[in-house]
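Chain and residue survey
Given next are the chains, with one letter for each unit.
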Amino acid sequence: MGIKMRYLYYSSKKKIADVGPFLKAKFDLQINSVDVIPPAYSCDKERIVILGLSLKGDLPDALRLFLRELTKARTANVALVIDGDPKTVPAVVSILKEAGTNVVGEPIYLKCGLFSGKLSDDEKAAVGSWVDGIVSDLA
């Protein structure tokens, strides 16, 4: 597909982590395109960064500091894969907009319970079509 994209996640849930390798294979992304937050390699002129976040209550300081660093120079667009409380999403969006990046699309929510396993085929299809829609909107 040829888009400069990264998937970064802040979660200990397997489903949120599994989204990264799925997207890497689907879009034939670079070798360092999937990482945890904070990433080993900083974002630099990415077309889109997809953030996989498990949110509950207040945002952790490490996550808040990372979000503040996502400026236009680092990424033009951010999309959100969320596990957890939808009430915390506006705080994430607000921090990203203050940093100067563009939040695209509606967040997609993955249900990750205490014993949630791998990403199911239905969830892969949903995430895949969601990302396809975002990428086509950016073109």
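First, a word on what this report is: a plain description of the structure on this page. Position numbers for residues start from 1 in each chain and track the written sequence from start to end. Note on the predicted model: pLDDT of at least 70 is required for a residue's local features to be given, and 80 or more for side-chain atom pairs to be given and counted; whole-chain, interface and lining totals, by contrast, use all residues. Values reported for side chains reflect all heavy atoms of the structure, with hydrogen atoms and water molecules removed beforehand.

Take the pairing of strand E1 (residues 5-10) next. Burial runs high along E1: five of the six residues are buried. Where E1 and strand E3 (residues 48-55) come together, six bridges link them in parallel fashion. Paired with Tyr10 across the two strands is Leu53, which belongs to E3. Place the viewer so that the strands point away; then a crossover is right-handed whenever the path from the first strand over the helix to the second strand goes clockwise. Secondary structure follows DSSP: runs of H or I at least 4 residues long count as helices, runs of E at least 2 residues long count as strands, and numbering of each begins at the N terminus. Each parallel crossover has a hand, and for E1 linked through helix H1 (residues 14-27) to strand E2 (residues 34-36) it is right-handed. A 1.4 Å probe rolled over the protein chains alone gives each residue an accessible area, and that area as a share of the maximum for its type sets the label: buried under 20%, exposed over 50%, partly exposed in between. Note on pairing: DSSP must find at least two bridges between two strands before they are called paired.

Here we come to the pattern of salt bridges. A pair is scored as a salt bridge if a Lys or Arg side-chain nitrogen falls within 4 Å of a carboxyl oxygen belonging to Asp or Glu. The tally for this structure, following the rule as stated, stands at six salt bridges. Residues Asp18 and Lys14 are paired through a salt bridge, measuring 3.1 Å at the closest nitrogen-oxygen approach. Of the two residues, Asp18 and Lys14 are both situated in helix H1; the distance of four residues between them amounts to about one turn of the helix. Under the relative-accessibility criterion, Asp18 is labelled buried at 18%. Under the relative-accessibility criterion, Lys14 is labelled partly exposed at 43%. Of the charged contacts, one joins Arg64 and Asp61 as a salt bridge, the two residues approaching to 3.2 Å between their closest N and O atoms. Of this pair, Arg64 and Asp61 both sit in helix H2 (residues 61-68), three residues apart, which is roughly one turn of the helix. A relative accessible area of 53% places Asp61 in the exposed class.

With seven of its eight residues buried, strand E4 (residues 77-84) lies for the most part within the structure. By the bridge criterion, seven bridges tie E3 to E4 in an arrangement that is parallel. Its bridge partner lying in E4, Leu53 is registered against Ile82. One crossover worth recording links E3 to the parallel E4 by way of H2, and it is right-handed. Taken together, the two bridges between E4 and strand E5 (residues 102-103) define a ladder with parallel strand orientation. Each residue of the ladder has a partner; that of Asn77, found in E5, is Asn102. Alignment of E4 against strand E6 (residues 108-109), held across two bridges, turns out to be parallel. Within the sheet, the bridge partner assigned to Ile82 lies in E6 and is Tyr109.

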